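Below, each chain spelled out in residue letters.
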Amino acid sequence: MWYTFFVVLHILSAGVVIGLLTMTIIATSMRKKMKGTAAEIGSIRGGAMMAPIMANIGSIGLLVTGVVMTIMQYNSSFFAFNTLPWLAMMQTDFVIIMAISGAVLMPNGKKILAKASAELAGPNAARGASEELLALVSKQFMISNIVGILLFIAVYLGESKSLMWVTGQ
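Residues numbered from 1 in each chain as written. Predicted model: local features only at pLDDT ≥ 70, side-chain atom pairs only at ≥ 80, totals over all residues. Heavy atoms only, no water.

**Here we look at the overall build of the protein chain**
No. 1: Broken down by element type, the protein chain carries five helices and zero strands.
No. 2: In sequence order, the secondary structure elements of the protein chain are arranged as α-α-α-α-α.
No. 3: Here the C-alpha coordinates of the protein chain stretch approximately 65 × 25 × 25 Å along the principal axes.
No. 4: Here the protein chain, with 169 residues, has 36% of them falling under the buried criterion.
No. 5: For the protein chain, contacts bridging at least 24 residues in sequence account for 75% of all contacts bridging at least 6.
No. 6: Summed over all atoms, the accessible surface of the protein chain reaches about 9,900 Å², with 71% contributed by carbon and sulfur.
No. 7: Here the protein chain contributes 11 positively and 6 negatively charged side chains, and the mean placements of these two sets differ by 4 Å. (Helix = DSSP H or I, 4+ residues; strand = E, 2+ residues; numbered from the N terminus. Buried < 20%, exposed > 50% of the residue type's maximum accessible area, 1.4 Å probe, protein only. Contact = heavy atoms within 4.5 Å. Areas by Shrake-Rupley, 256 points an atom, 1.4 Å probe, with all protein chains shown as cover. Lys, Arg positive; Asp, Glu negative; His and termini not counted. Charge placed at Lys NZ, Arg CZ, Asp CG, Glu CD.)

So this is what it looks like as structure tokens:
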């Protein structure tokens, strides 16, 4: 029963991260319609405020539930490439996602939030986002898409484990 509970939490956490990625794509499309206005900067600022909250909820949920499920189901088999290659690949994928998030997405997100807040309060807000801010947002979007691809690889590995490898588990 507890294992099922953690599986549900794991799926919900993945849903939060997928929702964040979806929100990023939709917000980017909507922001392009506001180009050259203060609303563009407000949209960027809003996304920069929401993203870390959703990312933290989703990633911490995935981390905690993944560790608990691994201990419950596989007796602490972390990075067991010989016996559970699909799980080891998922764990490696998650470590890469966390490294990218911590090294690139979080610091860049803080810069975007600070820059957008400063521009929104500045005298040129009515002209829209500066080229510097747009470059930061573009970089963030690109890296977020890479993380999204890595997340979908992890989902694929988890869902196709029985099709890809026979491990007796």
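So much for the structure itself; the text now carries on.
**Comments concerning the packing of aromatic side chains**
No. 1: Summed over the entire model, instances satisfying the criterion amount to four aromatic pairs.
No. 2: On the basis of an interplanar angle of 90 degrees and a centroid distance of 5.7 Å, the ring pair of Trp 2 and Phe 5 is categorised as edge-to-face. Here the residue Trp 2 and the residue Phe 5 both occupy positions in helix 1 (residues 2-33), the gap between them amounting to three residues, near one helical turn.
No. 3: Look at Trp 2 and you get exposed, because its relative accessible area is 55%. (Phe/Tyr/Trp six-rings, centres within 6.5 Å; stacked < 30°, edge-to-face > 60°.)

**A look at the pattern of salt bridges**
No. 1: Taken as a whole and assessed by the stated rule, the structure comprises two salt bridges.
No. 2: Two residues, Lys 115 and Glu 119, come together in a salt bridge whose shortest N-O distance is 3.4 Å. Linking Lys 115 with Glu 119, this pair stays in helix 3 (residues 85-121), spanning four residues, or about one helical turn.
No. 3: Among the ionic pairs, Lys 115 bridges to Glu 132, the shortest N-O distance being 3.4 Å. Here the residue Lys 115 occupies a position in helix 3, and Glu 132 occupies one in helix 4 (residues 131-159), the gap between them amounting to 17 residues. (Salt bridge = Lys/Arg side-chain N within 4 Å of Asp/Glu carboxyl O.)

**Topic: helix 2 (residues 38-74)**
Quick reminder: α-helices carry 3.6 residues per turn. Residues three or four places apart thus point the same way.
No. 1: Over its 37 residues, helix 2 runs 53 Å from end to end, which matches the ideal 54 Å to within 8%, given 1.5 Å per residue.
No. 2: Two residues or fewer past helix 2, Asn 75 is found with a positive phi of approximately 55 degrees. (Expected span 1.5 Å × (residues − 1).)

**Comments concerning the environment of Gly 102**
No. 1: Counting through the fold element by element, Gly 102 comes out in helix 3.
No. 2: When its relative accessible area of 42% is taken as the criterion, Gly 102 is described as partly exposed.
No. 3: For the pair formed by Gly 102 and Thr 4, sequence separation is 98 residues and the distance between their alpha carbons is 30 Å.

**Regarding the confidence of the model for the protein chain**
No. 1: In this model, the protein chain carries a mean pLDDT of 90, and residues with pLDDT of at least 70 account for 95%.
No. 2: The secondary-structure element of the protein chain with the lowest mean pLDDT is helix 5 (residues 161-164), recorded at 60, while helix 3 shows the highest, at 93. (pLDDT = per-residue confidence, 0-100.)

**Considering helix 3**
No. 1: With 37 residues, helix 3 should reach 54 Å at 1.5 Å per residue; the first-to-last C-alpha distance of 52 Å fits that figure.
No. 2: At Ser 101, helix 3 shows its largest bend, some 40 degrees. (Bend = angle between axes of the 7 residues up to and from the residue.)

**Description of a nonpolar patch on the surface**
No. 1: Together, Ile 60, Leu 63, Val 64, Val 67, Ile 71, Phe 78, Phe 79, Phe 81, Met 89, Val 95 and Met 98 line one region of the surface with nonpolar side chains, adding up to about 910 Å² of accessible area.
No. 2: Taken together, the elements giving at least two residues each to the nonpolar patch come down to helix 2 and helix 3.
No. 3: Its location among the elements puts Leu 63 in helix 2.
No. 4: According to the relative accessible area criterion, Leu 63 is partly exposed, its value standing at 40%. (Patch = residues over 30% accessible without salt bridge, like charges linked within 9 Å, V, L, I, M, F, W, Y side chains within 5 Å.)

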